[in-house]
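# Descriptive structure summary
Single-letter residue listing:
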Amino acid sequence: MSDRLLTRRALLRAGMTAASASLLGGCKVLDGLSAPDNTIRRFMERANDLTMAMQRGVLNRDALATEYSAADIRQPQRPNGVTNPQDDAYLALKSTDFADYRLEVGGMVHQPLSLSLAQMRTMPVRRQITRHDCVEGWSCIADWTGVPLAYVLSVAGVRSEARYVLFHCFDTIERSLSGTVRYYETIDLVDARHPQTILAWGMNGAALPVPNGAPLRVRVERQLGYKMAKYIRAIELVDDFSAVGRGRGGYWEDRGYEWYAGI
Ligand SMILES: Nc1nc2c(c(=O)[nH]1)N[C@H]1C(S)=C(S)[C@@H](COP(=O)(O)O)O[C@H]1N2
Ligand SMILES: [Mo]
């Protein structure tokens, strides 16, 4: 059954027409996550009784996520998590509209890179209209433009020991007694080289807005929203992430979410 049918059914169940629903704004109702067979519930149920290794065996990780048409974009991408970083380094870059931004690519690569936004805009481009599913139970369809991560990795030359891509972000998501906690994430090289995994600098036909991760965020379309690091400062190729944060591979993973959030 297509997602559009699910959406319509969910709207009917809620006793609304699409027109009245669109007046409500937000993403929760519009993308039908009250449907019993929704993506996030499937994820939760699978996470309950399958290990990550089993998920990998069950899911075809090369398959493409559904792509939509412009008519399916019903509302702006709902900003979530950190939406306006106040970190000094970030504010300095933002003040000149990210003209001095550089994406650092390092770790287990043959050729470390330091890429400006202008350079990335001259690289191969991929544009895709996809649905973002947050673990909190909402979805949004948006149009993303960026450079395939696989291309950037091929320029840098991934060393054979590397296993994961670690995203270092600018934003502080938590302040605790032990200090400042910045958002971070990891994905493996299968997802990093998936054709729809892009470093997005554009959204819905414009530059990526600050609430959604300006100047650069990753799209990992076969996984839940928390895997898609916003405000990316650097990419590091690593063979192990047990020494980063609390060792589970991401800010939310360190607080109990699954590392592999496949949908
Ligand atoms: N750097 C950073 N990346 C992040 C987050 C965050 O708080 N900081 N939140 C995550 C979560 S839970 C979601 S659902 C998406 C939200 O992306 P959006 O704001 O474009 O909707 O970003 C993800 N990436
Ligand atoms: Mo999320």
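Up top you'll find the structure we're talking about.
A few points on the structure. (Residues numbered from 1 in each chain as written. Chains lettered and ligands numbered in written order. Predicted model: local features only at pLDDT ≥ 70, side-chain atom pairs only at ≥ 80, totals over all residues. Heavy atoms only, no water.)

## A few points about the environment of Gln 86
Put simply, the rule reads: Secondary structure elements are taken from DSSP: a helix is a run of H or I of four residues or more, a strand is a run of E of two residues or more, and numbering for both begins at the N terminus. Buried residues are those whose accessible area, probed at 1.4 Å on protein chains only, stays under 20% of the maximum for their type, while exposed residues exceed 50% and partly exposed ones sit between those limits. As used in this structure description, the phrase polar contact means that two N or O atoms lie within 3.5 Å; if the pair is within protein, one of them must be able to donate a hydrogen and the other to accept it, and residues adjacent in sequence are counted only when both atoms belong to side chains.
Tracing the sequence through the fold places Gln 86 in the loop between α4 (52-58) and α5 (88-95). Using a relative accessible area of 48% as the deciding quantity, one classes Gln 86 as partly exposed. Sequence separation between Gln 86 and Asp 171 is 85 residues; the distance between their C-alpha atoms is 7.3 Å. Polar side-chain contacts of Gln 86 include one of 3.2 Å to the backbone oxygen of Asn 84.

## Structural notes on the sheet that holds strand β2 (residues 113-115)
Formally: Strands are treated as partners if at least two bridges between them are detected by DSSP. Each axis is a line fitted through C-alpha atoms, and for a helix only the stretch in contact is used; angles between axes span 0 to 180 degrees, taken between their N-to-C directions.
Taken together, five strands build an open sheet; the order of strands is β2-β1-β10-β5-β6 and the sheet is mixed. Edge positions in the sheet fall to β2 and β6 (179-188), since each has one partner strand and no second. Pairs of neighbouring strands in the sheet enclose a mean axial angle of 25 degrees, with direction left out of account. With four bridges connecting them, strand β1 (residues 103-107) and strand β10 (residues 232-238) associate as parallel partners. Each residue of the ladder has a partner; that of Gly 106, found in β10, is Glu 236.

## Concerning unusual backbone geometry
The linkage connecting Ala 214 with the following residue, Pro 215, adopts the cis geometry, with an omega of 0 degrees. Secondary-structure assignment places Pro 215 in the loop between β8 (206-207) and β9 (217-219). The phi angle at Phe 98 is positive, at roughly 65 degrees, despite the residue not being glycine. Inspection of the secondary structure assignment puts Phe 98 in the loop between α5 and β1. For Tyr 231, which is not glycine, the phi dihedral falls at a positive 50 degrees. Note on placement: Tyr 231 falls in the loop between β9 and β10.

## Concerning the pairing of strand β3 (residues 126-134)
β3 sits mainly inside the fold: seven of its nine residues count as buried. Strand direction decides the pairing type here: β3 and strand β4 (residues 138-148), joined by nine bridges, are antiparallel. Directly across from Arg 126, in β4, lies its bridge partner Gly 146. Taking the residues between adjacent antiparallel strands as the criterion, β3 and β4 are bridged by three residues, where Gly 137 takes a positive phi near 105 degrees.

## Comments concerning the pattern of salt bridges
To keep things clear, this is the line we draw: A side-chain nitrogen of Lys or Arg and a carboxyl oxygen of Asp or Glu constitute a salt bridge if their distance falls within 4 Å.
This model, assessed by the stated rule, comprises eleven salt bridges. Notably, a salt bridge pairs Arg 127 with Asp 143, separated by 2.7 Å at the nearest N-O pair. One end of the pair, Arg 127, is in strand β3; the other, Asp 143, is in strand β4, and 16 residues separate them in sequence. Classification of Arg 127 by relative accessible area gives exposed; the value is 52%. Under the relative-accessibility criterion, Asp 143 is labelled buried at 7%. Through salt bridges with shared partners, a single network forms among Arg 61, Asp 188 and Asp 191.

## Thoughts on the side chain of Asp 133
Here is the rule: Contact between two residues is taken to exist if any of their heavy atoms lie within 4.5 Å; hydrogens are not considered.
Among the secondary structure elements, Asp 133 is positioned in strand β3. You can call Asp 133 buried: its relative accessible area is 2%. Discounting chain neighbours no more than four positions away, the residues touching Asp 133 are Thr 39, Ile 40, Trp 138, Ser 139, Leu 224, Gly 225 and Ile 263.

## Observations concerning the site of ligand 1
As a reminder, the rule being used: What makes a residue near a molecule or strand is one non-hydrogen atom of that residue sitting within 4 Å of it. Surface accessibility in these figures is a Shrake-Rupley result with a 1.4 Å probe; residues are shielded only by whichever protein chains are displayed.
Taken together, 22 residues lie near ligand 1, and Gln 77, Arg 78, Asn 80, Asp 171 and Lys 230 sit nearest. At 2.7 Å, a side-chain N or O of Lys 230 approaches an oxygen atom of ligand 1. For ligand 1, whose free accessible area comes to 540 Å², the fraction covered by protein is 99%. Listed by contribution, the elements that provide at least two residues to the shell around ligand 1 are β3 and β5 (164-176). The biggest single contributor to the shell around ligand 1 is β5, with three residues.

## Considerations on the nonpolar core
Applied cut-off: Nonpolar core, defined: a set of buried Ala, Val, Leu, Ile, Met, Phe, Trp, Tyr and Cys residues in which side-chain atoms within 4.5 Å join the residues together.
With 53 residues, the main nonpolar core has Tyr 101, Leu 103, Phe 167, Leu 199, Ile 235 and Leu 237 as its most contacted residues. Setting aside its immediate chain neighbours within four residues, Leu 237 contacts Gly 106, Gly 107, Met 108, Val 109, Leu 153, Val 158, Ala 162, Tyr 164, Val 165 and Leu 189. In this structure, Ala 142, Trp 144, Ala 200 and Leu 208 belong to the second largest nonpolar core, which totals six residues.

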